[in-house]
Structure formats: C-alpha cells, structure tokens
Amino acid sequence: MQFFETSRQIQAACREVRREGRTLGFVPTMGALHEGHLSLVRIARSQCDTVAVSIFVNPLQFGPAEDFSRYPRTFDEDCRKLVAEGVELLFAPGTEEMYPTGACTTVYVEGLSEKLDGKSRPGHFRGVSTVVAKLFEIVHPDRAFFGQKDAAQVAVLRKMVSDLNMDVEIVVCPIVREADGLAMSSRNRYLSPEERRHALVLYRTLSCVRDLVSRGERDASKVIATAAEVIANEPGVRLDYFAIVNPDTLDPVSDVSQAALVAVAAWVGNTRLIDNLLLPANS
Ligand code: AMP
C-alpha cells in the first residue's frame, strides 16, 4: 500500500492509475476503522481495479462542543487492516494540508444540509460536502463508496455531485451491524457496557417499525408516535430525532406507501448515535 500525506503526491498517483486505464474506487473515512468501513473497501475492491482510501478526521464537520479532539485515532491499526484488504493507495493528510491557512472556500448544499443531522449539528454538512468535494478533486475516482448508515450524508453528497456535475458515481453500501443489531460506528467505543445495552433500543425501534409497516400500517405519524414511545421508555437514552422522510429530499412523508427513509438519532449518555431503515415503495 502506498501512503501519501500531500494532495500533490496522491493526485499524481491517481493520475497514473487513470493513465493506465484502470478504474479507481475511493472510500473516504475518518479512520478508527471497523467492519462497516471494511465492507465499503471490499465492495470497492469488487467493482474497481484500484482502491484508494482516505483517513482524515475533518475538523470542519465537528461543532465547537463536539468530540473532534477525543475522536478515536488508531492509525497504525487502520493501516494494517487496509493492507490486509489489498488497498493500493492511502491518503492521510494533516489538517494544514487540507485547510491551509487562509483557505476560505466551502461547498454548501442548501436546503438539504439543514435537515435531520444538519438540524441538530449546524454546519456539519457544510464540513462534509466541502471535504468530500476536495477529496474528489484530489483523487478523481470513477466511483466513491459511502455507507447507508449515514443516510442524510448520502442525500447531501448525491445532490452535490449532481448539482456540480461531478464525474463520479456514488455507490451506497448496506449498514453493517454487530451480531445483536447495533449499527457499527467508530463512536460505539465511547459506550460503557451499560450504555451499549441501552443503545440497542435504536435497532429495536427500527425493527418494530418494520413489523408495523409489514402488518399494514401506512400512517407515518402513528409509526413515529409508537417509535418515540419505545425510545422514551429506554433509560439513559434521549431522542434527538425520529423522522420518516423522502430519502432524496429528506422532507417528511405522511404515508409510507412511497419509498421512505426511517431515520433516528439519539443520545446514549454523552454519545450521539444514528441508525436508519429504508422502506421500499409499497413495503
Ligand atoms: P466515517 O469514518 O464515520 O466518516 O465513515 C466513513 C464511511 O463509512 C461513511 O461512508 C459511513 O457511512 C461508512 N460507515 C460507517 N459505519 C458504517 C456501517 N456500520 N455500515 C456501513 N457503512 C458504514
């Protein structure tokens, strides 16, 4: 695996990949890699000749009171995992490389960036779209791989790519879960054993929603009321949002006969976790 710290270097390596006529798959991450990240790498591997991964804990997507400084950083272990997956190119820049003093250009997907996590985390999606736009400019991948786990992020990035005519295909990969259903996340390591048990309420609630809908419930407000009650009854868990929305516009839907994204965010102790479920049309 070739490792690059500067955008100039990896830009040249990626140019060489394209010059050789090889397709390039790209998986952007913030590191602290788990099986969820590695599933993206494996899907990229199966679809592209060369795989590039980035590891960058992006300060721009963290609010001032959020966990940027204590976000887990496990670089050596991450490298071992990526080597084992046969990743060819790794880009792990420092903050000054990505945001040199004086940089003042950002990318903002207006209208989507204020919804769901964007509402609870003002500025978050500006940080995400800016860093991903920069990474796309640096790597120029044919395909970029993102997790369904971050469903609002997927909607924001798809819109960015479409609005800015970016020549990259966004591939969305399924949520990888622990055996008991908890969606894998780098932040799960913040949870105490007791919080870890309480955190299961997110998956339990989404499973309950799936059952309700499969038994014929179509009224989104009734589904939301039931789900909110399940979460309210779980000790140590504080709901941030529970929403049923159009997966592209992130606008609320009233009827789940159409394709719908059921998304939840909740605080378990001091840790904010998210999860979601995609309901196909007429599910
Ligand atoms: P992060 O390092 O949290 O920025 O995540 C990097 C990429 O991995 C994003 O596209 C995430 O959506 C994806 N990802 C994180 N957790 C999971 C998971 N449990 N299953 C699938 N993809 C995931």
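Heads up: the structure comes first, above all this text.
Residues numbered from 1 in each chain as written. Predicted model: local features only at pLDDT ≥ 70, side-chain atom pairs only at ≥ 80, totals over all residues. Heavy atoms only, no water.

Some details on the site of the ligand
- By nearness alone, 17 residues border the ligand, and M30, H37, D150, V176 and M184 come closest of all.
- Here an oxygen atom of the ligand sits 2.9 Å away from a polar atom, N or O, in the side chain of H37.
- Between a nitrogen atom of the ligand and a main-chain N or O atom of V176, the distance comes to 2.9 Å.
- Notes on the ligand: free accessible area 480 Å², of which the protein chains cover 92%.
- When residues of the shell around the ligand are traced back to their parent elements, those giving at least two are strand 2 (24-29), helix 2 (35-47) and strand 5 (143-147). (Near = heavy atom within 4 Å. Polar contact = N/O pair within 3.5 Å; in protein donor to acceptor, adjacent residues only side chain to side chain. Areas by Shrake-Rupley, 256 points an atom, 1.4 Å probe, with all protein chains shown as cover. Helix = DSSP H or I, 4+ residues; strand = E, 2+ residues; numbered from the N terminus.)

Quick notes on the pattern of salt bridges
- On inspection of all chains with the given rule, the structure shows 15 salt bridges.
- Between D163 and K159 there is a salt bridge; the shortest N-O distance is 2.9 Å. With D163 and K159 both in helix 7 (residues 151-163) and four residues apart, this pair spans about one turn of that helix.
- On the accessibility criterion, K159 (38% relative accessible area) is partly exposed.
- For R204, the salt bridge goes to E234, with nearest N and O atoms at 2.8 Å. Of this pair, R204 sits in helix 9 (residues 201-214) while E234 is found in the loop between helix 10 (220-232) and strand 7 (237-245), placing the two residues 30 residues apart along the sequence.
- Here E234 falls in the buried class, since its relative accessible area comes to 12%. (Salt bridge = Lys/Arg side-chain N within 4 Å of Asp/Glu carboxyl O. Buried < 20%, exposed > 50% of the residue type's maximum accessible area, 1.4 Å probe, protein only.)

Re the nonpolar core
- Formed by 47 residues in total, the largest nonpolar core has its most connected members in L89, L116, F136 and M160.
- Listing elements by their share of this core, those giving two or more residues are helix 1 (7-19), strand 2, strand 4 (89-91), helix 6 (124-139), strand 5, helix 7, strand 7 and strand 8 (260-268).
- Examining the composition of this core, we find that nine residues originate from one element, helix 6, more than from any other.
- If sequence neighbours within four positions are ignored, L89 has contacts with M1, Q2, F4, I10, A13, C14, V17, L24, T50, V51, A52 and V53.
- Core analysis: the next-biggest nonpolar cluster, separate from the first, contains 25 residues, L202, V262, V264 and V268 among them. (Core = buried A, V, L, I, M, F, W, Y, C linked by side-chain atoms within 4.5 Å. Contact = heavy atoms within 4.5 Å.)

Quick word on the packing of aromatic side chains
- Under the criterion given, the structure shown has six aromatic pairs.
- Each ring, one from F56 and one from Y99, has its centre 6.1 Å from the other, and the planes form 50 degrees; the classification is tilted. Highlighted residues: F56 in the loop between strand 3 (50-55) and helix 3 (75-84) and Y99 in the loop between helix 4 (95-98) and helix 5 (117-120), separated in sequence by 43 residues. The pair F56 / Y99 is uniform in exposure class, with both members buried.
- Taken together, F26, F136 and F146 form an aromatic cluster joined through their ring pairs.
- Lying across the ring of Y190, R70 places its NZ or CZ 4.1 Å from the centre.
- One residue, R126, lies across the ring of Y108, its end atom 4.4 Å from the ring centre. (Phe/Tyr/Trp six-rings, centres within 6.5 Å; stacked < 30°, edge-to-face > 60°. Lys NZ or Arg CZ within 6 Å of the ring centre and 35° of its normal.)

A word on the sheet that holds strand 8
- Sheet architecture is open: three strands sit in the order 7-8-9, paired in antiparallel fashion. Each end of this open sheet is capped by a strand with a single partner; those strands are strand 7 and strand 9 (271-279). For this sheet, the mean angle separating the axes of adjacent strands, direction not counted, is 15 degrees.
- Looking at chain direction, strand 7 and strand 8 are connected through eight bridges and run antiparallel. Among the inter-strand pairings, I244 is bridged to a residue of strand 8, identified as V262. (Pairing = 2+ DSSP bridges. Axes fitted to C-alpha atoms, helices over the stretch in contact; angles between N-to-C directions.)

So, the pairing of strand 6 (residues 169-173)
- Where strand 5 lies against strand 6, five bridges are found, and the strand directions are parallel. From the neighbouring strand, G147 faces strand 6, where its bridge partner is C173.
- Since strand 5 and strand 6 lie parallel, the crossover through helix 7 that links them has a hand, and here it is right-handed. (Right-handed = clockwise from strand over helix to strand, strands pointing away.)

A word on the packing of helix 1 against helix 6
- Viewed as axis vectors pointing N to C, helix 1 and helix 6 meet at an angle of 55 degrees, and their least axial separation amounts to 7 Å. Taken together, the axes of helix 1 and helix 6 are oblique relative to one another. Facing S7, I10, Q11, C14 and R18 of helix 1, the residues of helix 6 in contact are E137, I138 and V139.
- Counted by class, the contact of helix 1 with helix 6 contains four nonpolar, two polar and two charged residues. (Parallel < 35°, antiparallel > 145°, perpendicular 65-115°, else oblique. Nonpolar A, V, L, I, M, F, W, Y, C, P; charged D, E, K, R; others polar.)

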